[in-house]
Amino acid sequence: MDLTRTGAAIGTAAVAAYLDGKYHLRKDLWSASPYWRLLNLQLLLKRKSWTDKLTVYDTLEDHANSSMADNLFLMFEGRTWTYAQFFAALQPVGNWLINDLGIQRGEVVALDSGNCPEYLLIMFALNGIGAVVALLNCNLTGKALVHCAKVASTRYILTENHVKHLVDPVAQDLAQIGCKVIPFDRYQMESLPDKSPIPRSRREKLDPSDLAVLLYTSGTTGLPKGVATARSHQLFVSNGAFTQQVSLGPGDRMYTCLPLYHAAGYGLCVLTCIGSGATVVLSRRFSHRSFWPEVHDSKATHIQYVGELCRYLVNAPPSPLDKGHNVRMAWGNGMRPDVWEAFRERFGIECINELYAASDGPGFTANANRGDFSRSAISVRGPIWHLKNLGFETRALIDPETQDLVRGADGFAIRAKHGEAGEMLYWSNPKSPAAASPYYNNPEATKKRYIKDVFKKGDLWFRSGDLMRLDSEGRLYFVDRLGDTFRWHSENVSTNEVSDMVSEFPQIDETNVYGVLVPHMDGRAGCAAIVVRDGGSESDVDWKALAAHCRERLPKYAVPLFIRVVEELEYTGNMKLRKEALRTEGVDLDIIEKNAKAKGKEPDPMYWLPPGSESYLPFRQTDLRELRGGRVKL
């Protein structure tokens, strides 16, 4: 044996391992740059245009007529479909849409339904006849539902019978805008008679830039906005755009209980499974009681999460199924740092693949985390990544009070340094600002997402509305939504980061942190709405210990000065925390009591941390009068 050569090889391997660990070379080399994704999209569209197959329906047809025909595509409550069976089931639905409803190419049809196979059948049948589907939040009713129908300019809302009771109260209002409610259920879909193939002419010579799907924003700060998703984007995802990131292929099964009207459930699960030939394991809705039994019984290899779903699972009672499953990857977004490791250890998940994306934005990144180093990050980046993504994205400092970019003496924005939180911005071509999905029938809202003259005269950038921080090791972290961060005592406070620390207190189940206006004080003070563990009340909380817990883990300016004890937190349909009502009521006890009585409820107990106190104390009307009189300085 040549010991010199052996030693040199070992030395070279050690150096390579060191450089890879320090500069993330392999991660960078495997990551796709936006320019590479654009090239791949152009090549895909060119190839699909040659064969005139520019719909997801065409991809399903190809699978149904290939070696994947007998692969399992969909599982739902004991029912299953192979790719061939699902494609065959699309035909009568498409013919019903054409012949009975007279749906035209390019027409927008609203779909209002909970998760079920019929949802997917209608969605992809509309796709197959060259129409557009508007995915309504099935929890909406009243003004918000009518608003979404107006945005879509639709003649029909196809409504599953399970949610029809939410639509009936506004049926007359919908009729006045020319929109008819068409109810459906499983048995109607199964009884449709015309099984002849959907006419090929409905998909001929489609424009890939045309609208394919209309998604809606969550409406956390107002009425939902429609996000226009082009056929090109839908086709890109359904032809394997994220297959590599999620390690998904034929034989794999992804379980989702997320709503199909949201981009995560519809796009990052269903379309990604189609692109890889994998199986969608669909649940009707999320429940911590049914989650692991359904995952276990389906033999799912992947699970999808979003928002607070993982916290619910971690807080649920232990079960023999906690590790009695086949899952090797959790794929999603919004897993908070205080839940991350507890989730991995309890459920034995090999890989937590945390992603960042937005239905109305151009950015996408993911971090397949398997150890301590990249825990809680949404990406890990080294010098090769920055070279590949040169000029496409950056982070800029933000004034949390005005929500505007901080500008220097030269009038241009200031890039965030390592360790600083800044809003993520994406470069856009000033001559053709089409980097993001526009808001449908709302050009003014679309225009507001772009900002000019950021780093030089004439440049154009897309505002993500999300604050992120890149550390010196190349780890990128999501910090907060713009508007959730507030300023107190001249310091920026991240609601997410404070919430993570407060939620670690053993007597607290959930936390929602927001900033509140205080009389005679600049900025906003921190307030935490908390849910006491195991359905407890305010008397179950050790308020002195909670104050000590917060002071030990948070800088002084970030310690919540007010605590609101609530029975439960309010979420949007895609599990984003609602803060607007809490923020608006603030610490005004009169308004809190008035709004509670209007709902037939008792007002939530309020606590505060007055100057010099070692414990949170009940916040009374006398305390509010002292604040209003300027006699207490926080």
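Here, every reference points to the structure presented above.
A few points on the structure. (Residues numbered from 1 in each chain as written. Predicted model: local features only at pLDDT ≥ 70, side-chain atom pairs only at ≥ 80, totals over all residues. Heavy atoms only, no water.)

So, on to the packing of aromatic side chains. Evaluation of the coordinates by the stated rule reveals 21 aromatic pairs. Measuring from ring centre to ring centre gives 5.5 Å for Y450 and F462, while their planes differ by 75°; the resulting arrangement is edge-to-face. Residue Y450 is found in strand 20 (residues 450-452), and its partner F462 is found in strand 21 (residues 460-470); the two are separated by 12 residues along the sequence. F462 carries the same exposure label as Y450, and that label is buried. By the ring-pair criterion, three or more aromatic residues cluster together here, those being Y255, F286, F291, W292, Y312, F343, F347 and Y571. Over the ring of F455 we find R415, and its NZ or CZ is 3.8 Å from the ring centre. The aromatic ring of F373 is capped on one face by R475, whose charged end is 4.5 Å from the ring centroid. (Phe/Tyr/Trp six-rings, centres within 6.5 Å; stacked < 30°, edge-to-face > 60°. Helix = DSSP H or I, 4+ residues; strand = E, 2+ residues; numbered from the N terminus. Buried < 20%, exposed > 50% of the residue type's maximum accessible area, 1.4 Å probe, protein only. Lys NZ or Arg CZ within 6 Å of the ring centre and 35° of its normal.)

Of all 9 residues in helix 19 (residues 495-503), 7 are buried; the element is thus mostly enclosed. Those residues of helix 19 that sit buried are T495, N496, V498, S499, D500, V502 and S503.

Here the focus is the sheet that holds strand 11 (residues 302-306). Backbone-to-backbone hydrogen bonds join strands into a sheet, with any given pair of strands oriented parallel or antiparallel. In space, the 8 strands of this open sheet follow the order 2-1-10-9-11-12-13-14, with mixed pairing throughout. Unpaired on one side and paired on the other, strand 2 (79-82) and strand 14 (364-369) mark the two borders of the sheet. Going from strand to strand, the sheet's axes swing by 20° on average, the running direction of each strand aside. Two strands pair when backbone bridges link them, and strand 1 (residues 72-76) and strand 10 (residues 279-282) are joined in this way by 2 bridges, in the parallel orientation. (Pairing = 2+ DSSP bridges. Axes fitted to C-alpha atoms, helices over the stretch in contact; angles between N-to-C directions.)

Below, the discussion takes up the environment of E61. Counting through the fold element by element, E61 comes out in helix 4 (residues 56-64). Relative accessible area serves as the criterion here: at 21%, E61 is assigned to the partly exposed category. Residues E61 and P199 lie 138 residues apart in sequence; the distance between their C-alpha atoms is 13 Å. With sequence-adjacent residues up to four places away left out, E61 is seen in contact with F87 and R203. (Contact = heavy atoms within 4.5 Å.)

It is the contact of helix 5 (residues 83-99) with helix 6 (residues 117-128), at a shortest axis distance of 8 Å, that shows an interaxial angle of 70°. Between helix 5 and helix 6, the crossing angle belongs to the class labelled roughly perpendicular. Where helix 5 crosses over helix 6, the handedness of that crossing is right-handed. Taken together, the residues of helix 6 that come into contact with helix 5 (itself represented by F86, A89, L90, V93, G94 and L97) are L120, L121, I122, F124, A125 and L126. Looking at the contact of helix 5 with helix 6, its residues break down into 11 nonpolar, 1 polar and no charged. (Parallel < 35°, antiparallel > 145°, perpendicular 65-115°, else oblique. Left-handed = near helix turned anticlockwise from the far one by under 90°. Nonpolar A, V, L, I, M, F, W, Y, C, P; charged D, E, K, R; others polar.)

Turning our eyes to something else, we now look at the environment of V281. Locating V281 in the fold gives a position in strand 10. V281 sits 18 residues away from K299 along the chain, and the two C-alpha atoms are 9.3 Å apart. Once residues lying within four places of it in the same chain are set aside, the contact partners of V281 are M75, R253, M254, Y255, T256 and S298.

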